[in-house]
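Chain residues, written in single-letter form:
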Amino acid sequence: MGNSHGHRSRAFSRQSTSSEQSNTTIPYRSQSVRVTACRLPSSNSSTDSEPNNNQPINGKSNSVSSADHDVLQVAQRCVAPIKQRKEAVQQSWSVLLSLSGDITQIGLGIYQKIFEAAPDLRAVFSVPEHVHDLQSYPDFHRSGKLFVSVIDLCVRSIHSLDSDMGPILVMYGRRHFHRQEQGFRIQYLPLFENCMIEYIVENLPDEEKTNEAVIGWNNLIKYICGKLAEGFQLERMRNAHIRRKSVL
Ligand code: HEM
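Every residue gets a number counted from 1 within its own chain, in the order that chain's sequence is written. Local features are withheld for residues below a pLDDT of 70 in this predicted model, meaning they are given only at 70 or higher, and side-chain atom pairs are given and counted only at 80 or more; totals for whole chains, interfaces and linings count all residues.

(A) Molecular detail of the site of the ligand. Around the ligand sit 21 residues in total, of which Ser143, Leu146, Val150, Phe184 and Tyr188 are the nearest. Elements that contribute at least two residues to the shell around the ligand include exactly helix H5 (121–124), helix H6 (141–156), helix H8 (166–177), helix H9 (189–203) and helix H10 (211–247). With four residues, the top contributor of residues to the shell around the ligand is H6. Residue composition of the shell around the ligand, grouped by class: 14 nonpolar, four polar and three charged. Only the C-beta atom, placed from the backbone, is used; a residue is near a molecule or strand if that atom lies within 6 Å of it. Each helix corresponds to a stretch of at least 4 residues labelled H or I by DSSP, and each strand to a stretch of at least 2 residues labelled E; elements are numbered beginning at the N terminus. Note that Gly is not counted as nonpolar here; it falls among the polar residues with everything else outside the nonpolar set of Ala, Val, Leu, Ile, Met, Phe, Trp, Tyr, Cys and Pro and the charged set of Asp, Glu, Lys and Arg.

Next up, the structure:
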C-alpha cells in the first residue's frame, strides 16, 4: 500500500491523560526510529511499566555471556499489552487490513523496509538483486504472507496471548535456531521489530494512530520478538546439552 497514511498523527503530540500512560514515554518516534543498522537496542529501551520489564529472565544478569545477554535482552521484553491497548490494536489492525487488501501486502511492505535497511538479507530469503519491488516478485509472496500471519494470529488472540500464542511463538523461535545455516541471526530481530512497528504505525490512518494503539503495537511486536528470542535460546541450550551428553 502507498504512503498516503504515512504523515504524522496529531495523536502523538497529545499529552497522555490515563494513569497507565503517565510513566510511559514511548511513542512512535522515540521508539520506532528509522532503521539504519542492525543493532540490539539498549536494555533501557523498554516501553511499559508492566511487570517483567528489564528484569533478566534468569534473574542472574552477571552470569551470562555477552551473546546470551543480547538474546536475553530481547526475550525479557515479553510484555502483553493491557486491555485498552489490546482493543486499539485489534481495531487498527482491521482498518489496516481493509486498507491493504490482504495480509500478504502488509508482509511485502514490512519486508521491503527490512531489505532496504539490510540488503544482505535479500540473499537469505532468495530475493534476486534485480528485484526492487517485492509486489512484482510472486515467488516471495508466500514468505510475506507466512510472516504476517503470525502477527494476524497474535492480534486475533490478543486477549489470551500468552496461553494461545506464547508456545507457538517459542516454537517458531526454536525453528529459527535451525535456520542459522540459511542466514538467520538473532541480531536481526531488533531490525525486524523496528520495521514491523514502523510499517504498521506509518500506514495507520491518523484517527487510528492513538497513543493506545501505538503503545499497544510496540508492546505486541516486542512480545512476538521476545518469544521468538526465548525459543531460539531454549533450542540453543537444548542443542548444547545434547552435544555435551554425546561427548561423555
Ligand atoms: C518477528 C520476527 C520473525 C517472525 C515472526 C518470523 C516468522 C517466520 C515464519 C512464520 C516463517 C515460516 C514458517 C517456518 O518455516 O518456520 C519463517 C521462515 C523463515 N524465516 Fe522468519 N521470522 C522472523 C524473523 C526472522 C529473521 C530475523 C530472519 C533472518 C534474519 C528470518 C528468516 C527466516 C527464513 C530464512 C525463513 C524461511 C524462508 C521463508 O519461509 O521465508 N526470520 N519466519
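(B) View of the environment of histidine 159. Locating histidine 159 in the fold gives a position in the loop between H6 and helix H7 (161–164). Separated by 73 residues in sequence, histidine 159 and lysine 86 have C-alpha atoms that sit 7.1 Å apart.

(C) Spatial organisation of the packing of helix H4 (residues 103–117) against H9. Two numbers describe how H4 lies on H9: the axes approach to 9 Å, and their chain directions differ by 130 degrees. Compared by their axis directions, H4 and H9 come out oblique. Between H4 and H9 the crossing geometry is right-handed. Of the residues in H9, those touching H4 at Gly109, Ile110, Lys113, Ile114 and Ala117 are Leu191, Phe192, Cys195, Met196, Glu198 and Tyr199. Of the residues that constitute the contact of H4 with H9, the class distribution is eight nonpolar, one polar and two charged. Axis lines are fitted through C-alpha atoms, for helices just across the contact stretch, and the angle between N-to-C directions can take any value from 0 to 180 degrees. Just so you know how the angles are binned, under 35 degrees is roughly parallel, over 145 roughly antiparallel, 65 to 115 roughly perpendicular, and the rest oblique. Should the near helix be turned anticlockwise from the far one by less than a right angle, the crossing is termed left-handed; should it be turned clockwise, right-handed. We call two residues in contact when their backbone-placed C-beta atoms lie within 7 Å.

(D) Local environment of the nonpolar core. Connectivity within a nonpolar core runs through C-beta atoms within 7 Å, and the core itself is a set of buried Ala, Val, Leu, Ile, Met, Phe, Trp, Tyr and Cys residues. Here a residue counts as buried when 20 or more other C-beta atoms sit within 10 Å of its C-beta, as exposed when there are 12 or fewer, and as partly exposed otherwise, the C-beta atoms being derived from the backbone. By size, the foremost hydrophobic cluster in this structure holds 47 residues, and its most contacted members are Val89, Cys154, Met196, Ile200, Trp217 and Ile224. Breaking this core down by element, the ones donating at least two residues are helix H3 (83–100), H4, H6, H8, H9 and H10. For this core, the element with the highest residue contribution is H10, accounting for twelve residues. Look past the residues within four positions of isoleucine 200 in its chain and what remains in contact with it is Leu96 and Trp217.

Read these as spatial facts, not as claims about activity.
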